[in-house]
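Residue-level listing of the chains:
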Amino acid sequence: MKIAVYSRNEAVKEEPRLKAMLSWLQDAGFSFYDISSSEDLVPGTGLLMSIGGDGTFLSASKRVGDSGIPVLGINLGRLGFLSEYSPEEACEALLSGAYSFEDRELLETRIDGEVLGSGSAFSPYTLNEICVHRSGAALLGIDVALDGNKLPTYWADGLLVATSSGSTAYSLSVGGPICSPDSKVLIIAPVAPHNLNVRPLVVPDSTRISISMRSRDESVMMSMDNRSVVLSPEATLDVRVAQFSLKRVRLDNSGFIKALTTKLFWGEDIRNGGEQR
Ligand code: NAP
């Protein structure tokens, strides 16, 4: 199998554990090439190895786009939710075939209005979330409609729409629920709302979410996973689940609960005596 290798940090490719994994797999007939952008992907690629943490996996997912190439997240440090495997686990699974592919939903965000600035070429697809956020000192008024039905205006620093994959990322920090990755839902959650009575909302993944904003500032920031764009406050957004999904390589012996306990220390309690891990 032809495997593309991506990392945000070139130095990790010199890690002895990674080199050992690549060498074992090469001996077994796998071939490798490095990529930095999606243009580097060559036809016939069987999968993309993302070397790094969950943030690197987000960047890797952007690079495969809608090509259908599965992404395998390999982490040399603390194991994550998207980048869940050590080089040794990944090597064993690839050699034995003990893996499968799971579909992770992506969001597609269409902007109607002026984009004032963008750090990189704009792509409408995100794996974790999109978040509109104030760019200045003023509170942001955010109007959201779900399939055309308006919610009361949010007055907040911002508002995010997250997928189940993103439920353990930014959404978690603003009090959103943790969703198992196969849950077909979207989370709508305000960031620092100036209200006592708003809560994150979970809606079916078929929902079409329209967002408009009011701000005294000249611009609004929108983050899209690990990218950002600057919008005119008059811009409106149309957010929905994309027509294609990201294929993620899932090893047979892995699990979401394991990631919750190892990365987020869920259930860490002296009474559990470490038995949950
Ligand atoms: P970063 O600011 O360098 O790191 C963000 C942290 O989020 C990293 O620890 C990363 O894990 C973790 N992360 C990313 N996706 C995750 C997921 N699906 N589940 C659990 N943890 C996840 O930015 P980055 O590494 O490029 O990642 C961008 C993401 O950061 C955004 O999509 C957003 O969700 C998140 N973010 C969170 C906050 C917040 O919680 N207040 C603020 C801004 C952005 P690794 O260390 O394994 O890479």
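Residues numbered from 1 in each chain as written. Predicted model: local features only at pLDDT ≥ 70, side-chain atom pairs only at ≥ 80, totals over all residues. Heavy atoms only, no water.

Chemist: What's the story with the domain arrangement of the chain in this structure? I'm lost.
Modeler: A common measure of how large an interface is: the accessible area buried when the components associate. Split by domain assignment, the chain resolves into domain 1 (2–105 + 245–272) and domain 2 (107–241). On the side of domain 2, 21 residues touch domain 1, which itself brings 15 residues to the contact. Summed over both partners, the interface of domain 1 with domain 2 comes to about 1,400 Å²; 63% of that surface belongs to carbon and sulfur atoms. Among the residues domain 1 hides against domain 2, the three largest losses belong to Leu-58, Lys-62 and Glu-105. Together they make up 49% of the total. The interface formed by domain 1 and domain 2 includes zero salt bridges. Applying the counting criterion to the domain 1 and domain 2 interface returns three residue pairs in polar contact (both at pLDDT 80 or more). (Domains from an automatic or database assignment. Contact = heavy atoms within 4.5 Å. Buried area = accessible area lost by both parts, 1.4 Å probe. Salt bridge = Lys/Arg side-chain N within 4 Å of Asp/Glu carboxyl O. Polar contact = N/O pair within 3.5 Å; in protein donor to acceptor, adjacent residues only side chain to side chain.)

Chemist: So what exactly am I meant to see when it comes to the side chain of Asp-157 here?
Modeler: Of note, Asp-157 is situated in the loop between β12 (154–156) and β13 (158–162). Residue classification places Asp-157 among the buried positions, given a relative accessible area of 19%. Setting aside residues up to four positions removed in sequence, Asp-157 forms contacts with Val-132, His-133, Arg-134, Leu-140, Val-191 and Ala-192. (Helix = DSSP H or I, 4+ residues; strand = E, 2+ residues; numbered from the N terminus. Buried < 20%, exposed > 50% of the residue type's maximum accessible area, 1.4 Å probe, protein only.)

Chemist: Can you help me understand the sheet that holds strand β9 (residues 129–134) in this one?
Modeler: Across a sheet, strands are paired by hydrogen bonds formed along the backbone, either parallel or antiparallel in direction. Taking strand neighbours across the sheet as the criterion, the seven strands line up as β7-β18-β17-β9-β13-β14-β15 in an open arrangement whose pairing is antiparallel. Here the strands that pair on one side only, and so sit at the sheet edges, are β7 (115–118) and β15 (201–204). Averaged over all pairs of adjacent strands, the angle between their axes in this sheet comes to 20°, without regard to strand direction. Here β7 pairs with strand β18 (residues 227–231) via three bridges, running antiparallel. Residue Val-115 lies in a different strand from β18, and its bridge partner there is Leu-231. (Pairing = 2+ DSSP bridges. Axes fitted to C-alpha atoms, helices over the stretch in contact; angles between N-to-C directions.)

Chemist: Sorry, what's going on with the packing of helix α1 (residues 16–27) against helix α3 (residues 87–96) here?
Modeler: For any two helices packed against each other, one specifies the crossing angle of their axes together with the interaxial distance. Closest axis-to-axis distance for the α1/α3 pair is 9 Å, and the angle between their directions is 10°. With respect to their mutual orientation, α1 and α3 come out roughly parallel. For the pair α1 and α3, contact is made by Arg-17, Met-21, Trp-24 and Leu-25 and by Pro-87, Glu-88, Ala-90, Cys-91, Leu-94 and Leu-95, respectively. Partitioned by chemical class, the residues of the contact of α1 with α3 number eight nonpolar, no polar and two charged. (Parallel < 35°, antiparallel > 145°, perpendicular 65-115°, else oblique. Nonpolar A, V, L, I, M, F, W, Y, C, P; charged D, E, K, R; others polar.)

Chemist: How should helix α2 (residues 54–64) be read in this particular structure?
Modeler: Think of an α-helix as 3.6 residues a turn; residues three or four steps apart then line up on the same face. Across the 11 residues that make up α2, a large majority, eight, are buried. Its buried side turned inward, α2 meets β1 (2–7), β3 (45–51), β4 (71–74), β20 (246–251) and α5 (256–263).

Chemist: Can you walk me through the site of the ligand in this structure?
Modeler: With respect to spatial proximity, 17 residues lie near the ligand, and among them Asp-54, Gly-55, Glu-129, Thr-168 and Ser-173 are the closest. The separation between an oxygen atom of the ligand and a polar main-chain atom of Asp-54 is 2.8 Å. Here a nitrogen atom of the ligand sits 2.7 Å away from a polar atom, N or O, in the side chain of Thr-168. Contact with the protein chains removes 65% of the 830 Å² of surface that the ligand exposes when unbound. Listed by contribution, the elements that provide at least two residues to the shell around the ligand are α2 and α4 (170–173). Per element, the largest residue contribution to the shell around the ligand is three residues, and it comes from α2. When we break the shell around the ligand down by domain, the ones giving at least three residues each are domain 1 (2–105 + 245–272) and domain 2 (107–241). (Near = heavy atom within 4 Å. Areas by Shrake-Rupley, 256 points an atom, 1.4 Å probe, with all protein chains shown as cover.)

Chemist: Teacher, can you tell me more about the pattern of salt bridges here?
Modeler: Working definition: two side chains of opposite charge can pair if their charged atoms are close together. Summed over all chains, the structure comprises 17 salt bridges. The partner of Glu-89 in a salt bridge is Lys-258, with the nearest N and O atoms 3.8 Å apart. On the criterion of sequence distance, the pair formed by Glu-89 in helix α3 and Lys-258 in helix α5 is long-range, its members being 169 residues apart. Residues joined by salt bridges that share partners form a network here, namely Glu-84, Glu-102, Arg-104, Arg-248 and Arg-250.

Chemist: Got a minute to help me understand the side chain of Thr-56 in this structure?
Modeler: Turning to its location among the elements, Thr-56 is positioned in helix α2. According to the relative accessible area criterion, Thr-56 is buried, its value standing at 6%. Setting aside anything within four residues of it in sequence, one finds Thr-56 in contact with Tyr-6, Ser-7, Arg-8, Ser-50 and Ile-51.

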